[in-house]
Amino acid sequence: MKRRVVITGTGYFSAIGNNISDVIDNIKNDNINESSISLERDVKVRVVDAFNVKDFTGRDKKVKYLNRGAQFGVAAALKAFVNSGIDKNIEKAGLITSFGPNLDIGGEINSVSNGTISKKDLNALWLLRFLPNTATSVIASRTGFHGENSTVSTACASSLNAIGEAFRKIKDGYLDVALTGGGDSRVSYGGLLAYEMAGALSKSNIHRPFDHERDGFISGEGGAFLMLEELSHAQKRSANIFAEVKGFSLSLDNTSLTAPDPTGIYAERSMRNALSEANITPSSVDLISSHGTGTNLNDDVEADLIKRVYGEQSKAISIKSWSGHLSTACGALETSLSIDFMRSSFIPKIRGLKNPISDINFNLKNTDESIETVALQNFGFGGQNCALIIKKWNE
Amino acid sequence: MNVLEEIKEIISEVLDIEKGEIAEESYLIRELDAESVDFLEMALSFSEVFGFEVQDDFIFLRNFQEYMAEAEENGLNINSLLCKKYEFLSSYRVDEMLSDIKSGNIIKIKDLVSYINFYKK
């Protein structure tokens, strides 16, 4: 019999809140935790309020080796772990995480001159703050998981990619349980300078995905983890089941190192393959959680894609228009929030969208509406496309 | 701050434990759960705070058992060989360690203090 994969726990941190009631309140009241960092201009950023990783880990000597993004990941993983009620020491329990590069060069290293790095304030093992898999090891030490694992790195597709890999590991019988997700923060001088020089940040400091006036995104930070579990394993322990993962697919553009393929044909392939694995038609998808970065290139290609695959009537949102862009962690946050939106029968509007570039059904007002099936998609630098289909648990 | 207090401060930071949990007689590994990665951090901080390069092999007695074996192989007095290798330890303390070694790792906080006091300029 085919193994089915369900979601039995989530935990997240974002600039619009760390639980669903705060998130919905903040969306309804248009309340986002925004501040700014000064490059050559003031750059708006969306930050997580009053976050202290030790509130979640307690005292732990390993925490000093976690950069800020990794801290969000570890805290989110521990929240999802507790939320799921899973026991430690399950034999086939694994960790499929996603973490990106630490770009907070200036915050990590006291000074660099003529190629020499000042050792002042560096830990002996400062390299751990730059290795993407450090957080995975810390999560393992806290959850007691010993099974298959990996730290996925496919740019902004990373954490959706990780969830999909975890789904497959369970579906194919390599794992019974997988904790999956990521954490990231580019809210630092180095992170923002990188995006600014790449021309990705909004010059007007307004994030308005799919709008004619759009000019880039606002950087966010945070993390999200989900507990994925084989259905009968979850049922045996009477777990609280939130949703089912139905389909997943990946593809590569093989064109630019940053821009998406203008035709979107490979991204389209990943979306269609995910639908076919889910064994559903495009019309049975109630909501599309778009990548929705608000960059000129992404939104043009993506609006076309949504229209081609799902048609004009399909409803689309951009969670990034609220949370800011969480880079590698965006997919895990968007999946976790989509689950909570399904459970709360709430669909957020696309913030800032006034003059849509396409006649597809972008959600322009916050609505209370029942949703059963969500399609998520993320497209990363390097032409890495990822699509995931989830369905609310009603059985 | 005296040497013991400075050491406690550094160890509490590296191991992320309360300073009050650390005493002169505490075993660094057996009781405080320090491991080799922590020794790297401690040696780096000791060097910075006390102003000389702390050799982590020596301060953490990494070769203690090898020296014991070496003395045995060559028919030498174990205590005097260890005292020669670890000049900062008294002969009395080495005897104490030798009688204790079967129960686990022997380094105590007071041994780190001895090392720092011995080599500090």
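The structure contained in this document is the topic of the report that follows.

What counts, and where the lines are drawn
Residues numbered from 1 in each chain as written. Chains lettered and ligands numbered in written order. Predicted model: local features only at pLDDT ≥ 70, side-chain atom pairs only at ≥ 80, totals over all residues. Helix = DSSP H or I, 4+ residues; strand = E, 2+ residues; numbered from the N terminus. Rg over C-alpha atoms; globule rule 2.2 N^0.38 Å. Contact = placed C-beta atoms within 7 Å. Nonpolar A, V, L, I, M, F, W, Y, C, P; charged D, E, K, R; others polar. Pairing = 2+ DSSP bridges. Axes fitted to C-alpha atoms, helices over the stretch in contact; angles between N-to-C directions. Buried ≥ 20, exposed ≤ 12 C-beta atoms within 10 Å, placed from the backbone. Parallel < 35°, antiparallel > 145°, perpendicular 65-115°, else oblique. Left-handed = near helix turned anticlockwise from the far one by under 90°.

What to know about the overall build of chain B
Working step 1: Scanning chain B for helices and strands turns up seven helices and zero strands.
Working step 2: What you see in chain B, going N to C, is helices and strands ordered as α-α-α-α-α-α-α.
Working step 3: Its C-alpha radius of gyration of 14 Å places chain B within 12% of the 14 Å reference for a compact globule of 121 residues.
Working step 4: Principal-axis analysis of the C-alpha atoms gives chain B an extent of 45 × 30 × 25 Å.

Here's the deal with the interface of chain A and chain B
Accessible area lost when the parts come together is the quantity often used to give the size of an interface.
Working step 1: Listed per partner, the contact involves six residues of chain A and nine residues of chain B.
Working step 2: The class makeup of the residues in the side of chain A that touches chain B is two nonpolar, one polar and three charged.

Quick word on the sheet that holds strand E14 (residues 361-362) of chain A
Residue and element names in this part refer to chain A.
Working step 1: Taken in spatial order, the 11 strands line up as E7-E4-E8-E9-E1-E10-E17-E16-E11-E12-E14 in an open sheet, and their pairing is mixed. Each of the sheet's edge strands pairs with one partner strand only, and the pair in question is strand E7 (149-152) and E14.
Working step 2: Bridging between strand E8 (residues 177-185) and strand E9 (residues 221-230) involves nine bridges; their strand directions are antiparallel. Residue pairing across strands places leucine 179 opposite methionine 227, the latter belonging to E9.
Working step 3: Running over the sheet, helix H6 (residues 158-171) touches strand E1 (5-13), strand E4 (93-98), E7, E8, E9, strand E10 (243-252), strand E16 (373-380) and strand E17 (384-392) and is turned about 175 degrees from E8.

With respect to unusual backbone geometry
Residue and element names in this part refer to chain A.
Working step 1: Even without being glycine, phenylalanine 210 reaches a positive phi, approximately 65 degrees.
Working step 2: By the element assignment, phenylalanine 210 lies in the loop between helix H7 (189-197) and E9.
Working step 3: The residue serine 327 is not glycine, and still its phi comes out positive at about 55 degrees.
Working step 4: Take serine 327: it is sitting in the loop between helix H11 (320-323) and helix H12 (330-344).
Working step 5: The exposure class assigned to serine 327 is buried, which follows from the 28 C-beta atoms found within 10 Å.

Description of the packing of helix H9 (residues 265-278) of chain A against helix H10 (residues 296-310) of chain A
Residue and element names in this part refer to chain A.
Working step 1: As a packed pair, H9 and H10 sit with axes 10 Å apart at the nearest point and diverge in direction by 40 degrees. Considering their axes alone, H9 and H10 lie oblique with respect to each other. Like other packed secondary-structure pairs, H9 and H10 cross with a definite hand, here right-handed. Within the contact between the two elements, H9 uses Ala267, Glu268, Met271 and Arg272 and H10 uses Leu305, Arg308 and Val309.
Working step 2: Taken together, the residues that form the contact of H9 with H10 break down as four nonpolar, no polar and three charged.

A look at the environment of A:Arg68
Residues and elements named next belong to chain A.
Working step 1: Of note, arginine 68 is situated in helix H3 (residues 68-84).
Working step 2: As a C-alpha pair, arginine 68 and valine 53 span 15 residues in sequence and 8.9 Å in three-dimensional space.
Working step 3: What arginine 68 contacts, discounting residues up to four positions off in sequence, is Asp104 and Ser185.

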